[in-house]
Amino acid sequence: MKKSVLLGVCASLLVGLSAFAPAQAQQPSANLMASGLVGKLEGPELILDPAKWPKSFGEAPDLAELVKAGKLPPVKDRVPAEPLVMKPLSEVGKYGGTWRRGFLGPGDWENGNRLNASDKLLFWDPTGTKIVPSVAKSWEQSADGKVIRVNLRKGMKWSDGAPFTADDFVFWFEDLYSNKDIVAAPIPDMSPGGKPGKVVKVDETTVEFQFENPHFLFVDFLAGDTLIGGGQSVRQSQGTTFGAYSPKHYLKQFLPKYSSEAQVNERAKAEGFENWVKMLHFKKDWSFNTELPTLGPWKTTRPINTPTWVLERNPYYWAVDSAGNQLPYIDKVVLTLAEDSEVINLRAIGGNYDMQERHISLSKLPVILENQQKGGYKVHLDLALHGSDTTLFINQSFKADAEVAKWLTNADFRRALSMGIDRNQLNDTFWLGIGTPGSVAPSVQMPQSPGKEYRDKYSKLDIAKANQLLDGIGLTKKDSEGYRVRTDNGERLRIQVQAVKALLPWPQQAEMIGEQWRKIGIQADVREMERTLATTRTRNNEHQIMVWTNGGTELLYLFPRHAIPVDPTEAYMGPEFATWYASNGAQGRAPTDPQMLKIYDLFKSASGQREAGDRDKTAQEIWKILVDQQYAIGTVGESPAQFGVRIVSTKLGNIPSRACIAQHCRTPSSSHAETWYFK
Amino acid sequence: MLAYIARRAVLAVLTMAAISVFAFIIIQLPPGDFVDAYIANLSASGSSVSMEEAKSLRALYGLDQPVYVQYMKWMSRVLVGDFGESMEWHRPVAEVIGDRLWLTIVLSLSALMLTWGIALPIGIYSAVRQYSALDYVFTSISFIGLAVPNFLLALVIMYFSFVLFGANVGGLFSSEFDLAPWSLAKVWDLIKHLPLPAVILALAGTAQLIRIMRANLLDELRKPYVVTARAKGMPEARVIWKYPVRAALNPFASTIAYLFPYLVSGSIIISLVLSLPTVGPLLLKALIAQDMFLAGTIVLLLGVMTVIGTFISDLVLMWVDPRIRFQMD
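Residues numbered from 1 in each chain as written. Chains lettered and ligands numbered in written order. Predicted model: local features only at pLDDT ≥ 70, side-chain atom pairs only at ≥ 80, totals over all residues.

**Quick look at the overall build of chain B**
Alright, step 1. Summing up its helical and strand segments, chain B has 18 helices and zero strands in all.
Alright, step 2. Dimensions along the principal axes, computed over C-alpha positions, put chain B at roughly 85 × 60 × 40 Å.
Alright, step 3. When burial is assessed residue by residue, chain B has 36% of its 329 residues classed as buried.
Alright, step 4. The contacts of chain B with a sequence gap of at least 6 include a subset with a gap of at least 24, amounting to 71%. (Helix = DSSP H or I, 4+ residues; strand = E, 2+ residues; numbered from the N terminus. Buried ≥ 20, exposed ≤ 12 C-beta atoms within 10 Å, placed from the backbone. Contact = placed C-beta atoms within 7 Å.)

**What about the overall build of chain A?**
Alright, step 1. Check the secondary structure of chain A and you find 24 helices and 25 strands.
Alright, step 2. Taking 679 residues into account, the globule formula puts the C-alpha radius of gyration at 26 Å, and chain A, at 26 Å, falls close to it.
Alright, step 3. The buried share of chain A, taken over its 679 residues, is 57%.
Alright, step 4. The contacts of chain A with a sequence gap of at least 6 include a subset with a gap of at least 24, amounting to 71%. (Rg over C-alpha atoms; globule rule 2.2 N^0.38 Å.)

**Notes on the sheet that holds strand β9 (residues 206-210) of chain A**
All names here are of chain A.
Alright, step 1. On the basis of which strands lie adjacent, the open sheet formed by four strands has the order β6-β7-β9-β8 and antiparallel pairing. Strands at the two margins of the open sheet, each flanked by one partner only, are β6 (138-141) and β8 (198-203). Here the strands of the sheet are splayed against their neighbours by 20° on average, with no regard to which way each runs.
Alright, step 2. The pairing of strand β7 (residues 147-151) with β9 spans five bridges and is antiparallel. The partner of Ile148 across the bridge, within β9, is Phe209.
Alright, step 3. Sheet contacts for helix α6 (residues 166-177): β8 and β9; angle to β8, the most-contacted strand, approximately 160°. (Pairing = 2+ DSSP bridges. Axes fitted to C-alpha atoms, helices over the stretch in contact; angles between N-to-C directions.)

**Considering the environment of Gly230 of chain A**
All names here are of chain A.
Alright, step 1. Mapping Gly230 onto the fold places it in the loop between α7 (218-223) and α8 (232-235).
Alright, step 2. With 191 residues separating them along the chain, Gly230 and Ile421 place their C-alpha atoms 37 Å apart.
Alright, step 3. Aside from chain neighbours lying at most four places away, what touches Gly230 is Lys120, Asp225, Arg235, Phe242 and Gly243.

**Points about the interface of chain A and chain B**
It is common to give the size of an interface as the accessible area lost on bringing the parts into contact.
Alright, step 1. With 49 residues of chain A in contact, the opposing surface of chain B contributes 49 residues.
Alright, step 2. Counting residues per element, the ones that place at least two in the side of chain A that touches chain B are α1 (2-13), α11 (276-283), α12 (341-349) and α21 (531-539) of chain A.

**Observations regarding helix α11 (residues 224-231) of chain B**
Alright, step 1. Little of α11 of chain B is tucked away: zero of the eight residues are buried.
Alright, step 2. Two residues or fewer past α11 of chain B, Gly233 of chain B is found with a positive phi of approximately 85°.

**Here we look at the nonpolar core**
One broad rule of soluble globular proteins: the nonpolar side chains tend to lie buried together.
Alright, step 1. The biggest cluster of nonpolar side chains holds 189 residues, and the ones touching the most others in it are Phe393, Val497 and Ala632 of chain A.
Alright, step 2. Element by element, the count of residues in this core is highest for α6 of chain A, at seven residues.
Alright, step 3. The residues touching Val497 of chain A, leaving out its near neighbours within four places in the chain, are Leu392, Ala510, Gly514, Ala524, Asp525, Val526, Arg527, Ile545 and Val547 of chain A.
Alright, step 4. Phe34, Met87, Leu283 and Leu294 of chain B belong to the second-largest nonpolar core, a separate cluster that totals 34 residues. (Core = buried A, V, L, I, M, F, W, Y, C linked by C-beta atoms within 7 Å.)

**Some words on the sheet that holds strand β14 (residues 355-356) of chain A**
Alright, step 1. The strand order across the open sheet formed by three strands is β14-β23-β15 (chain A), and the pairing between neighbours is antiparallel. Both edges of this open sheet fall to β14 and β15 (377-381) of chain A, since each of them pairs with a single strand only.

**Considering the domain arrangement of chain A**
Residues and elements named next belong to chain A.
Alright, step 1. By the assigned domains, chain A splits into domain 1 (45-246 + 284-333 + 644-678) and domain 2 (391-637).
Alright, step 2. The straight-line distance from the C-alpha centre of domain 1 to that of domain 2 is 36 Å.
Alright, step 3. Each side of the interface is counted separately: domain 1 has 16 residues, and domain 2 has 15 residues.
Alright, step 4. Of the residues that constitute the side of domain 1 that touches domain 2, the class distribution is six nonpolar, eight polar and two charged. (Domains from an automatic or database assignment. Nonpolar A, V, L, I, M, F, W, Y, C, P; charged D, E, K, R; others polar.)

**Some words on the domain arrangement of chain B**
Residue and element names in this part refer to chain B.
Alright, step 1. Domain parsing of chain B yields domain 1 (2-58) and domain 2 (101-328).
Alright, step 2. Distance from the C-alpha centre of domain 1 to the C-alpha centre of domain 2: 29 Å.
Alright, step 3. Taken together, the 16 residues of domain 1 in the interface contact 15 residues of domain 2.
Alright, step 4. Secondary structure elements with two or more residues in the side of domain 1 that touches domain 2: α1 (2-28) and α2 (34-44).
Alright, step 5. The biggest single contributor to the side of domain 1 that touches domain 2 is α1, with eleven residues.
Alright, step 6. The residue inventory of the side of domain 1 that touches domain 2, partitioned by class, reads eleven nonpolar, three polar and two charged.

**A few points about the pairing of strand β23 (residues 645-649) of chain A**
Looking down a regular strand, the side chains alternate between one sheet face and the other.
All names here are of chain A.
Alright, step 1. Counting buried residues in β23 gives five out of five residues, a clear majority hidden from the surface.
Alright, step 2. Residue alternation in β23 divides its side chains into two sets, Val645, Ile647 and Ser649 and Arg646 and Val648, and both sets are buried.
Alright, step 3. Judged from the two bridges that link them, β14 and β23 form a sheet pairing that is antiparallel. Across the sheet, the residue bridging to Met355 is Val648, located in β23.
Alright, step 4. Where β15 and β23 come together, five bridges link them in antiparallel fashion. Within β23, the position partnered with His380 by the bridge is Arg646.

**Overview of the pairing of β7 of chain A**
Residues and elements named next belong to chain A.
Alright, step 1. Here β7 shows one buried face, formed by Ile148 and Val150, and one open face, formed by Val147, Arg149 and Asn151.
Alright, step 2. Two elements, β6 and β7, share four bridges in a ladder whose sense is antiparallel. The residue of β7 that forms the bridge with Gln141 is Ile148.
Alright, step 3. The loop that links β6 with its antiparallel partner β7 comprises five residues; one of these, Gly145, has a positive phi angle of about 75°.

**Here we look at the packing of helix α16 (residues 411-419) of chain A against helix α19 (residues 463-472) of chain A**
Residue and element names in this part refer to chain A.
Alright, step 1. Where α16 contacts α19, the axes come no closer than 8 Å and their chain directions differ by 155°. With respect to α19, the element α16 is oriented roughly antiparallel. Of the two possible hands of crossing, α16 and α19 adopt the one that is left-handed. Where α16 abuts α19, its residues Asp412, Phe413, Arg415, Ala416 and Met419 lie against Lys465, Ala466, Leu469, Leu470 and Gly472.
Alright, step 2. Looking at the contact of α16 with α19 residue by residue, the classes come out as six nonpolar, one polar and three charged. (Parallel < 35°, antiparallel > 145°, perpendicular 65-115°, else oblique. Left-handed = near helix turned anticlockwise from the far one by under 90°.)

**Digging into the packing of helix α14 (residues 250-265) of chain B against helix α17 (residues 292-320) of chain B**
Residues and elements named next belong to chain B.
Alright, step 1. As a packed pair, α14 and α17 sit with axes 8 Å apart at the nearest point and diverge in direction by 155°. The orientation of α14 relative to α17 falls into the category roughly antiparallel. Seen from above, α14 lies across α17 with right-handed handedness. For the pair α14 and α17, contact is made by Asn250, Ala253, Ser254, Ile256, Ala257, Tyr258, Leu259, Phe260, Pro261, Val264 and Ser265 and by Leu301, Leu302, Met305, Thr306, Ile308, Gly309, Thr310, Ile312, Ser313, Val316, Leu317 and Val320, respectively.
Alright, step 2. Of the residues that constitute the contact of α14 with α17, the class distribution is 16 nonpolar, seven polar and no charged.

**Quick word on the confidence of the model for chain B**
Residues and elements named next belong to chain B.
Alright, step 1. Considering every residue of chain B, the mean pLDDT works out to 82; 94% of them sit at 70 or more.
Alright, step 2. For chain B, helix α8 (residues 175-178) is the element with the lowest average pLDDT, namely 66, and α11 is the one with the highest, namely 89.
Alright, step 3. In the predicted complex, the global pTM is 0.84; the interface-specific ipTM is 0.74. (pLDDT = per-residue confidence, 0-100.)

**So, unusual backbone geometry**
Peptide bonds are trans in most cases, and residues, glycine excluded, mostly fall at negative phi.
Residues and elements named next belong to chain A.
Alright, step 1. With an omega of -5°, the peptide bond running from Leu327 to Pro328 counts as cis.
Alright, step 2. Inspection of the secondary structure puts Pro328 in the loop between β12 (319-321) and β13 (332-337).
Alright, step 3. Backbone torsion omega between Thr667 and Pro668 reads 5°, so that peptide bond is classified as cis.
Alright, step 4. Mapped onto the fold, Pro668 is located in the loop between β24 (652-653) and β25 (677-678).
Alright, step 5. For Leu432, which is not a glycine, the phi torsion comes out positive at approximately 55°.
Alright, step 6. Judged by C-beta crowding, with 22 C-beta atoms within 10 Å, Leu432 ranks as buried.
Alright, step 7. Positive phi, close to 55°, is recorded for Asn584, a residue that is not glycine.
Alright, step 8. You can see Asn584 is positioned in the loop between α22 (575-582) and α23 (594-605).

Listed below in structure tokens is the structure:
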């Protein structure tokens with residue numbers, strides 16, 4: 001109710017928006033660039049040549065005080081001998097300040113995790129296309145792809161000052177990951193070809209990941225938002241225990257191995273936990289436990305389950321700017337609880353946040369722009385790299401209704417549905433004309449893009465062609481209202497579209513698509529559903545078409561589930577096939593569609609391909625088939641709909657004009673918030 | 001009399017036990033569980049949960065066990081005063097609710113006082129001076145108050161306070177006091193933030209109460225005993241205050257039953273719109289996230305409050321209305 005009211009306010013202001021929302025959205029990008037709201041992808045530059053590293057170090061005034069008082073070692077002993085050196089985007093910054101931000105409660109833990117995402121071993125550059133060092137200084141891969149060696153930084157320390165070494169990796173692998181009480185089963189990231197790999201210490205600062213099968217994708221996995229590469233903040237919280245390393249010196253006290261089961265259970269009881277496993281899950285979660293040693297630029301000083309989640313500078317952070325000043329510049333991050341994302345939007349417009357991109361809604365853009373001066377902020381629009389924010393996933397393993405299943409698995413039927421969609425109308429209405437209409441294929445900027453023609457293939461409005469295809473496959477008969485009828489009983493052919501109100505108003509968008517399909521004689525039954533009901537139905541293979549985003553697919557191998565049915569957790573394109581694939585054929589049902597089988601083969605072959613260029617080519621092949629077959633119909637993407645409307649206080653410096661908006665960029669972390677500062 | 005109270009008390013306990021079962025069943029009714037909701041939530045915000053994570057989460061929260069086992073485990077803890085741990089907040093449920101409970105009570109109570117403080121005098125005035133100019137004014141205002149949904153009012157007031165004063169909208173504290181420990185300054189800050197939500201919460205209720213009070217009193221004023229009192233020359237103020245007003249207050253005593261749960265939950269929609277840290281939004285979030293123990297405990301708490309409220313309202317009715325008391329004896 002409330003949302004539609006605010007939307008109404010926005011709609012009335014939309015008139016003033018014509019500067020960058022052209023009436024005809026054929027080429028929105030040119031106008032968008034001219035608006036000054038979309039800049040170029042940029043960020044701090046990593047200085048990897050030791051000869052260019054600073055020789056002396058600076059530190060924040062409050063830390064200098066502590067050093068003077070003898071409570072903290074001097075900065076040169078805190079920063080590693082081989083630090084990560086970053087040249088800030090514009091200038092060397094000043095220390096100080098509190099970054100005010102909004103969050104929605106403990107369920108919104110990613111809000112803070114992402115600020116700390118430099119605790120990954122490897123990361124992506126600000127354009128999101130190149131892998132760069134982060135916690136790891138460098139990496140090497142053996143010629144056969146079975147051994148990946150990671151070199152750590154000499155003298156690097158945890159946030160409590162204890163040394164960070166190869167032992168922390170071995171501890172994670174042997175004492176946490178391999179303990180069945182903590183991690184039930186090995187993860188695919190660590191088991192190429194189904195054979196579990198291992199983690200071996202070579203020396204204090206060298207670790208090897210060893211596998212029995214070639215695992216050429218492993219370096220990408222270490223850089224991606226994956227279980228193994230995600231970093232400590234996100235992968236060792238909320239009851240999970242992945243992420244490659246853990247603070248041994250702190251966590252070992254909670255493990256039976258280092259005392260006895262009775263002893264740790266007793267301690268757990270005394271601290272109010274059911275057993276030692278539950279205590280461990282709490283103790284290794286950085287958002288709850290303020291004592292946990294971490295590696296990110298900020299550490300929790302007030303836990304997430306209070307009205308204000310407060311992060312403070314990590315005095316042992318291992319990155320410095322080009323002048324040798326220890327990062328981060330900003331002292332504190334204060335995330336205040338809002339009961340609802342509408343409140344976050346309103347507070348952002350009121351200038352109550354210094355930088356907020358999360359939960360800011362694209363539909364509020366007119367109001368946000370109007371209040372720039374008053375709120376003391378500047379707006380940036382960051383365009384995503386994935387192809388389609390609103391994607392119609394067509395269930396290929398649907399079988400509850402044989403007639404409907406027959407059409408859903410017919411390529412020409414799917415192509416006709418896709419060509420019956422007026423993407424420009426959707427774009428103008430729901431994306432304010434800012435998105436780019438197209439197929440599911442990622443942005444042409446990405447190395448895995450199959451090219452511009454595949455952004456357009458079968459993805460432009462062509463009613464005549466669509467009707468021709470539908471007639472051609474035998475759906476010629478229509479009822480009195482002009483809808484095509486089923487071939488089995490002569491009743492109207494109804495296709496169910498299941499939509500959830502989540503990232504975008506998907507039910508309303510689906511209604512609009514349904515209206516558009518009238519012209520090709522297809523009746524869409526849009527079912528608006530509660531989110532959990534929708535996902536449960538998809539898991540039970542009950543849906544015909546599901547509307548969801550294909551976010552994350554810009555790097556296919558790191559997050560394939562929105563592109564190919566490989567993961568039963570979210571298998572909108574065919575739950576039974578995903579179960580079949582994930583269980584190596586033990587459960588589920590094997591697809592018979594030769595094109596689908598080819599996609600699976602190509603996908604599996606990638607981890608055995610040595611050159612990144614070859615793997616990208618394989619991904620391009622997969623995308624070509626996906627677009628050609630239209631298993632999922634893309635509509636509008638490359639938009640700022642998700643975290644892309646960035647509100648930044650004019651007081652902040654070193655802010656990139658455009659940031660990478662993608663899962664693997666851990667938005668906003670690939671822009672390195674630790675180099676931002678208050679002018 | 002005592003037997004009556006004892007009987008009611010036993011019934012109340014049984015009702016509470018039934019409520020606990022129903023609360024648990026209702027929370028289990030929607031498809032999926034906490035982990036499903038969690039996956040959907042993260043997926044919609046560009047992060048992912050893998051199959052492996054989902055599995056370990058289910059095991060961690062005991063969601064892989066049958067429902068009755070989960071209920072028995074929960075109940076065995078509830079009986080010793082431990083309501084379990086919230087899956088989302090990773091804290092004991094009692095603490096999570098406790099944080100917000102007293103703020104909710106402060107807010108609800110101030111709204112309630114405001115409602116009664118405005119509605120009763122106006123209601124009485126409108127009845128006594130029926131069809132006077134002011135009666136018409138109050139009547140029209142209260143009809144508008146009844147008709148306007150108060151979340152809309154909240155939005156409009158928020159919009160204007162933002163546009164006209166650039167005020168920080170929502171919440172019960174200014175940002176600088178959010179973190180601060182309790183102090184006089186913080187209390188003052190709370191007092192400054194309280195009127196807006198309290199007024200909004202009070203308005204709809206006020207309109208309703210004015211109408212009820214007016215109608216009740218009008219009924220009483222026409223009764224023969226009032227005429228008799230007047231005819232015997234009793235002063236007008238005494239005529240009205242001593243008997244008809246007291247009799248007209250009866251319905252208010254019976255509303256205590258549902259005031260009690262309201263006191264602890266507050267208004268969910270208003271609290272959401274104004275971002276008030278009360279129990280209402282907590283319940284909504286817990287239900288969406290399928291955070292069983294938290295949602296279950298709040299529903300249980302609401303049920304228990306209703307039962308207690310009903311019990312107390314019966315006692316109060318007995319006390320204010322001699323007719324009920326004498327009937328029983």
